Protein chains: 2
Amino acid sequence: MMKEHISNKQIVLNQYVIGYPKESDFGVRFSTTNCSLSHGSSTPSVLLKNLYLSCDPYMRHRMSDHVSHPGTIVQSFTPGSVLVGYGVSKVIESTHPKFLEGDFVWGMIGWEEYTVITNPESLNKIKHTDVPLSYYAGILGMPGIAAYVGFHNMCSPKEGDSVYVSSASGGVGQLVGQFAKLMGCYVVGSASTQEKVELLKRKLGFDEAFNYREEQDLGLALRRYFPLGIDIYFDNVGGHMLDEVLLHMKVHGRIALCGMISQYNIDDPEGLHNSFSLIMKRIEMKGFVGTDFKHVYPEYVELCIKYLQEGKLVYVEDIAQGLEEAVSALIGIFHGRNVGKQVVCIAKE
Amino acid sequence: MMKEHISNKQIVLNQYVIGYPKESDFGVRFSTTNCSLSHGSSTPSVLLKNLYLSCDPYMRHRMSDHVSHPGTIVQSFTPGSVLVGYGVSKVIESTHPKFLEGDFVWGMIGWEEYTVITNPESLNKIKHTDVPLSYYAGILGMPGIAAYVGFHNMCSPKEGDSVYVSSASGGVGQLVGQFAKLMGCYVVGSASTQEKVELLKRKLGFDEAFNYREEQDLGLALRRYFPLGIDIYFDNVGGHMLDEVLLHMKVHGRIALCGMISQYNIDDPEGLHNSFSLIMKRIEMKGFVGTDFKHVYPEYVELCIKYLQEGKLVYVEDIAQGLEEAVSALIGIFHGRNVGKQVVCIAKE
């Protein structure tokens, strides 16, 4: 049994973010957390020691004030409160029969050293610990499900399809490219630096890759790599990129909308002006959210572990060390500073 | 056997159209057509006397010069050539065993009194002549297939769904609304005049209808009729309307993109700025073209005839009389002047 209160370093949102997030939008708070769980309570809970945090683009939405946007699903963070996101943790105390001290779990946790979870059913128990635990913030967590479902369920891929992935070296994109190669597709990815382009081609098995920031004319780049057009576009960026891709899709093409990172930090979203292509080319465009597909996780994780063991999948992570680096890492993903899936390591175990 | 050459009044495109089509973009030509079909030729053909022409928004694309748009599927008309579109005709001579003199057919024909069809397999023989023949330019022709397939195959409708149809009194929209009512959906349509709004509510069975031109704030109108959001949007107009609707869709909503008439006559298409709603609300948006679904026609036409006989479907047409009225009728649809499906009657039989 631990002492009743423990010191708990936390990352809080200071204020709603306008434009690109900046260091001053966040703060570090040294708090104490009541960690004596009430055994026998009707609402069992677990105390987690947090190990890895996932830096995900969608979190930007939670940093905006969405009161005026009733259609939104993602709830805003409350200024002054601890950030929340996906992460990997170790159970250090539990009153829930399913979770034992020493278990590893992944799920929604606070950006802090310790989190008390009062709805432990939301956590996923980690069975396979012979892979890096950080993978459960990426390939074996929500980004993995998003890539898997987004590609297989939304895009109806088949052997020989031409697949384009934007933000291709990120936590989701690198997996989509590899899943597409496993299906026998031709796969091209775009990224924001030459280093990432090399990574895509040398390590992640993409057939081709390009640095979109170095292309004067995105249309020319797409024509270079897809002279016959694109069957499947897995979109992580939205905006001008999506708009241009619409002109390069093949008839009966499929577009999975996973994220629109190019749009999250600007007030006026870039318009899609080529939407008529959707009719002319009979395109299916589907937005999706990985969390809707939790039910596929048990099957997915077993397949993925097998592929990792067989060397059929690799995963590239960019791991920031220490909670004090978390804000900088999170801000970095909106500038493309991460090379691979951005994770923050708070504690090794 | 007819005389070898017959006089043939034709509508020709004078020049590529820029902006809204205007009378001077078209001309009337008095031609003579060689109507002696070569019996015994390896390429059988039929001579048609044209009865009804369908005025369809997609024809606007064929009036633009698409040389610079390689992604496009619709071929441009050639200036100086006769307009081509869907229509209903009577076979007056045939060297094709499937078509006999006196048969009625529908398919792609010239905007002229007589057309020689050298690929008669493209024509659809009309079996049921106990309905107005003009229906084969609308409810029993391509607009009907588009409405049927677009609603049933693209939108996955179910009883109780909230359905919104734009350009709702047009040749396609009025059918979508009725198909949706037959499924037990709640259906709201928009149109451009009060007369059409009344038609939608009184004659076509829509639950509600509104004149979008009289709404100061389209969002308020949509909230008024869909306080809980829209399950299915059948889009005939595109542009600002589609963009606004994205904000009012329900989670897991479906959008069928059938046409974008609001965009056809402007150089810079209005952008879709609310595309992130597609992700947040997990929306499926599918473009489609009725001609891809010719195979469902035999089944569709039987169902539709049955529904017409039972009074379960009605069809409102706006029939211009005479080929000399064809250009004005065609131009009119881009200004919303038609009330119901716009057809041109060239000859009664």
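Analysis parameters
- Residues numbered from 1 in each chain as written.
- Chains lettered and ligands numbered in written order.
- Predicted model: local features only at pLDDT ≥ 70, side-chain atom pairs only at ≥ 80, totals over all residues.
- Heavy atoms only, no water.
- Contact = heavy atoms within 4.5 Å.
- Buried area = accessible area lost by both parts, 1.4 Å probe.
- Salt bridge = Lys/Arg side-chain N within 4 Å of Asp/Glu carboxyl O.
- Polar contact = N/O pair within 3.5 Å; in protein donor to acceptor, adjacent residues only side chain to side chain.
- Helix = DSSP H or I, 4+ residues; strand = E, 2+ residues; numbered from the N terminus.
- Pairing = 2+ DSSP bridges.
- Least-squares fit on C-alpha atoms with pLDDT ≥ 70 in both.
- Core = buried A, V, L, I, M, F, W, Y, C linked by side-chain atoms within 4.5 Å.
- Buried < 20%, exposed > 50% of the residue type's maximum accessible area, 1.4 Å probe, protein only.
- Phe/Tyr/Trp six-rings, centres within 6.5 Å; stacked < 30°, edge-to-face > 60°.

Naming follows an unreviewed UniProt entry, where chain A appears as Enoyl reductase (ER) domain-containing protein of Rubus argutus.

Colleague: Can you help me understand the interface of chain B and chain A in this one?
Modeller: Much of the literature gives interface size as the accessible area that the parts lose upon coming together. At the interface, 33 residues of chain B touch 33 residues of chain A. Contact between chain B and chain A buries roughly 2900 Å² in total, counting both sides, with carbon and sulfur atoms accounting for 65%. Put simply, chain B and chain A have four salt bridges between them. For B:Glu284, the salt bridge identified is with A:Lys286, shortest N-O distance 3.9 Å. Counting across the chain B and chain A interface gives eight residue pairs in polar contact (both at pLDDT 80 or more). Counting only elements with at least two residues in the side of chain B that touches chain A, the list comes to strand S12 (249–257), helix H7 (276–280) and strand S13 (284–287) of chain B. Across three bridges, strand S13 (residues 284–287) of chain A lies against S13(B) in antiparallel orientation. Directly across from A:Glu284, in S13(B), lies its bridge partner B:Lys286.

Colleague: Quick question: what am I supposed to make of the relation of the copies chain B and chain A here?
Modeller: Both copies of the chain are related through a single rotation about an axis accompanied by a shift along the same axis. Laying chain B over chain A is done by rotating through 180 degrees and shifting 0.0 Å along the axis; what remains is an RMSD of 0.0 Å. Such a turn and shift between the copies fits a two-fold axis. The share of interface residues of chain B whose copies in chain A are also at the interface is 100%, consistent with both copies meeting through the same surface.

Colleague: Would you explain the nonpolar core in this entry?
Modeller: Nonpolar side chains tend to gather and get buried jointly when the protein is soluble and globular. In terms of nonpolar packing, the biggest core is built from 116 residues, with A:Tyr164, A:Tyr233, A:Leu330, B:Tyr233 and B:Leu330 touching the most fellow members. Each residue touching A:Tyr164, except ones within four places of it in the same chain, is listed here: A:Val188, A:Gly189, A:Ser190, A:Phe210, A:Leu222, A:Phe226, A:Ile230, A:Ile232, A:Tyr233, A:Phe234, A:Met241 and A:Val245.

Colleague: How do you make sense of the packing of aromatic side chains when you look at a structure like this?
Modeller: Between two aromatic rings, the relevant description is the distance of the centres plus the angle of the planes. Evaluation of the coordinates by the stated rule reveals 26 aromatic pairs over all chains. Ring centres 5.2 Å apart and planes at 65 degrees place the aromatic pair A:Trp106 and A:Tyr297 in the edge-to-face group. Of this pair, A:Trp106 sits in strand S5 (residues 104–110) while A:Tyr297 sits in helix H8 (residues 297–310), and the two are 191 residues apart along the sequence. Across the pair, A:Tyr297 and A:Trp106 agree in class, each one buried. Look at B:Tyr135 and B:Tyr315: their rings are 5.8 Å apart centre to centre, the planes differ by 80 degrees, and that puts the pair in the edge-to-face class. Separated by 180 residues along the polypeptide, B:Tyr135 in the loop between strand S7 (124–125) and helix H2 (142–152) and B:Tyr315 in the loop between helix H8 (297–309) and strand S14 (317–321) bring together distant segments of the chain. Comparing B:Tyr135 with B:Tyr315 shows no difference in burial state: the two are buried. In textbook terms, an aromatic cluster arises when at least three aromatic residues are bridged by ring pairs, as seen for A:Tyr164, A:Tyr186, A:Phe210, A:Tyr225, A:Phe226 and A:Tyr233.

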